[in-house]
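Given next are the chains, with one letter for each unit.
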Amino acid sequence: MDSLFAKANAIQPLSKHKKPSKQGRQGKKPDSKKAPSKAGPSSDRTLTSVAQNTSLPKSLRPTSPPPENLPKHTHIKDLKLRTQLNRQAAHAARIKTLLQDAELLLADDAGLMQVENDMEKTWRVGQDEIVKGAGQEGSRGRQEWKLDGGPYRSRYSRNGRHLAIVGSTGHVATFDWQTGTIHAELQLQETCRDITFLQDQSFFAVAQKKYAFIYDRDGVELHRLKAHVEPTRLEFLPYHWLLASVGNTGYLKYQDTSTGLLVAEHRTKAGACRTMAQNRHNAVIHLGHQNGVVSLWTPNLSHPAVQLLAHLGPVVGLSVDPSTGGRYMASSGADGTVKVWDCRNWKGAVREWTTRGGGAELEWSAKGALAVASGGSVNVYTKPSIQAPFAPKVAPPLYLTHPAPHRPLTSVRFCPFQDILTIGHNAGLSSILAPGSGEPNFDSTEADPFEGKRTRREREVKGLLDKIQPDMIALDADFVGSLAPPTKLTTAVNDKHDVPFARLPRLERLRAQGKVDETELEGGMEADDDTNEDGNSNGKKQSREEREKRKMRGKGKSVKRYLRKQRKNVIDPTAVAIRAKLEKQREERRVAKAIEKGEMEPKKPSALDRFRRS
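The name recorded for the chain in an unreviewed UniProt entry is U three protein 7, from Paxillus involutus ATCC 200175. Under Subcellular location (unreviewed entry), UniProt gives the following word-for-word description of the chain: "Nucleus, Nucleolus". In its Function (unreviewed entry) section, the UniProt entry covering the chain states "Involved in nucleolar processing of pre-18S ribosomal RNA."

Caption draft 1: View of the pairing of strand β15 (residues 285-289). The buried fraction of β15 amounts to 5 of the 5 residues, a majority that puts the element mostly inside the structure. Residues I285, L287 and H289 point to one face of β15 and H286 and G288 to the other, with burial holding for every one of them. Where strand β14 (residues 273-278) and β15 come together, 5 bridges link them in antiparallel fashion. Within β15, the residue paired with Q278 across the bridge is I285. Between β14 and β15, which pair antiparallel in sequence order, lie 6 residues; one of them, A283, sits at a positive phi of approximately 65 degrees. The sheet contact formed by β15 and strand β16 (residues 293-297) spans 4 bridges and is antiparallel. Bridge pairing links L287 to S295 in β16. The hairpin formed by β15 and β16 contains 3 residues between the paired strands, and G292 there has a positive phi angle of roughly 85 degrees.

Caption draft 2: Geometry of the sheet that holds strand β26 (residues 411-414). With respect to topology, 4 strands assemble into an open sheet ordered β1-β28-β27-β26, the strand pairing being antiparallel. Among the strands making up the open sheet, the edge pair consists of β1 (143-146) and β26. With direction set aside, neighbouring strand axes in the sheet form an average angle of 15 degrees. Where strand β27 (residues 420-425) lies against strand β28 (residues 428-433), 6 bridges are found, and the strand directions are antiparallel. Counted as the bridge partner of H425 is G428 from β28.

Caption draft 3: Layout of helix α10 (residues 573-597). For α10, spanning 25 residues, the distance from its first C-alpha to its last is 37 Å, which sits close to the expected 36 Å at 1.5 Å a residue. One or two steps after α10, the chain reaches G598, where phi turns positive at roughly 85 degrees.

Caption draft 4: Here's a closer look at the UniProt feature "repeat: WD" (unreviewed entry) in the chain. Within this structure's numbering, the places UniProt gives as "repeat: WD" (unreviewed entry) are residues 308-342. Secondary structure across residues 308-342 divides into 0% helix and 57% strand, with the first and last C-alpha atoms of the span separated by 12 Å.

Caption draft 5: Local environment of the environment of A334. In this structure, A334 sits in the loop between β19 (328-333) and β20 (337-342). Here A334 falls in the partly exposed class, since its relative accessible area comes to 42%. Sequence spacing of A334 and G317 is 17 residues, and the spatial spacing of their C-alpha atoms is 9.1 Å. Setting aside residues no more than four positions away along its own chain, A334 makes contact with P314, V316, G358 and G359.

Caption draft 6: Seen up close, the sheet that holds strand β17 (residues 306-309). An order of β14-β15-β16-β17 is seen for the 4 strands of this open sheet, with the pairing classed as antiparallel. Looking at the sheet topology across the chains shown, the edges are occupied by β14 and β17. Strand after strand, the sheet turns through a mean of 20 degrees between neighbouring axes, direction not considered. In the sheet, β16 pairs with β17 via 4 bridges, with the strands oriented antiparallel. Looking at β17, one finds that S295 is bridged to Q307.

Caption draft 7: Summary view of the environment of R224. Within the secondary structure layout, R224 lies in strand β9 (residues 221-225). Looking at R224, the relative accessible area reads 45%, which means it is partly exposed. With 11 residues separating them along the chain, R224 and F213 place their C-alpha atoms 4.7 Å apart. For R224, the contacting residues outside a window of four places in its chain are Y211, A212 and F213.

What counts, and at which threshold
- Residues numbered from 1 in each chain as written.
- Predicted model: local features only at pLDDT ≥ 70, side-chain atom pairs only at ≥ 80, totals over all residues.
- Heavy atoms only, no water.
- UniProt positions renumbered as here; feature names shortened; annotations may be inferred.
- Buried < 20%, exposed > 50% of the residue type's maximum accessible area, 1.4 Å probe, protein only.
- Helix = DSSP H or I, 4+ residues; strand = E, 2+ residues; numbered from the N terminus.
- Pairing = 2+ DSSP bridges.
- Axes fitted to C-alpha atoms, helices over the stretch in contact; angles between N-to-C directions.
- Expected span 1.5 Å × (residues − 1).
- Contact = heavy atoms within 4.5 Å.

Next comes the structure, spelled out in structure tokens:
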């Protein structure tokens, strides 16, 4: 190794500064083979060897010309502080100019497969060709997991890094699919129907035979949710920290995972439900029932917000498009039809076509690709063809297809931020590559695939502090944070001034609603008029504070305050009934005493007394 260094002449010792020799003074050239006589930057031959082929980014170049219109700090006398402020201003200006280059990343189109002419079709390209063209890093998504205990269902975490699988016989596993690290693996030895992650990969919920259970990352059972009886499908609302479940009993239940309380419980009145999806834009739950009805639910409504007859048979699959803000919903029925609906107008399906093999599992990707798993194959369709209105019942142009002979196909899941589609079937799981289906740009504050332990904790605490209340879930998500429109309700008392009802004083609001006992106010009003006439000779009307202060002179304020709080100006029906009852009892006691003294004769009973009200 030393000989290599010596041969390359990469590292040389620093030579001491020496005076030039006589030969050098006489003009004789020094020997080029000898070491350089002067030590400095020019003596290091490796100093500029890398700089010739590399360059720093624009934002880090100190010699780049500063932008124009920079603020001048000539009024600052301290030279050091002025230089620092000028440097900071120039750096901030460079950052603003470079933001346009960063925004270009979000404007690029997704990497969809394209053909050279009309004779070629993208669906004819198989997975082997896609893997060869994807490269070494992209080809890692093409995997096959052969497992016993199927059919299997899968669920990805929000950052797309972790995968949770569950088999119908009780095999449960969570792992990091990129590194192959297994977090937990359980054999529950009972029927399991669904699985989902909670706020992150640290906790996951499993819909088992009788109840829903929550486990931690190591597979330790934490909670048994007895309120969720025989659950079939699970969904987690990340911004509300709600675990929603629906089961064979036909009840939709919301469980707050931060407090452990059961927030809402709705009876769907449609029997057992085996299809559920959530709209990530407004957190509305979509349910598909056995009678072909699709209903939309929120925690604050005991009845469905929207209810439509989508299919002639049981609804098998549901999914909402996240790329359009939840505007489109896809549904599939046991009759073999797939329909795309516009959530803004439920008058009819936007597009409808028939699939082979009966019911189909559906899933939308982050870029608007729709995966339909039916029979023994999985078909992928891309927009805008699936969202464009089309009257004939013809399938849209096919983008990608993959045969999966292991029937039945129970689930399809797109991996977030990846062009990967995971298919759950009877023999395990299969992951295929779907170019252009994933979102290439991620927001690290929402879901970061490269987050560490500390970042995950900070994000969990921040998400808990910013948790949205369940009452704010509605079909129109834009009402959150908007200003309330001014009310147009006025009363007859203030029609001239056009004062809104909410801004009226309490007494006038009660008078407008007819809840004021005018008889109780007559004495007080007369007293106020007398004091006004006595106190103010000019006839000016005193304010309420002045009248109260005038009444309190020379008297105990605490007693008057207590009496003022006890005085009620509202007619309470309960108080009126109690007064009438006490008056009746008082009258009966008076009549009984008069009969005992002989002042009155007892009333003889009549046959008509039975018809009188007591």
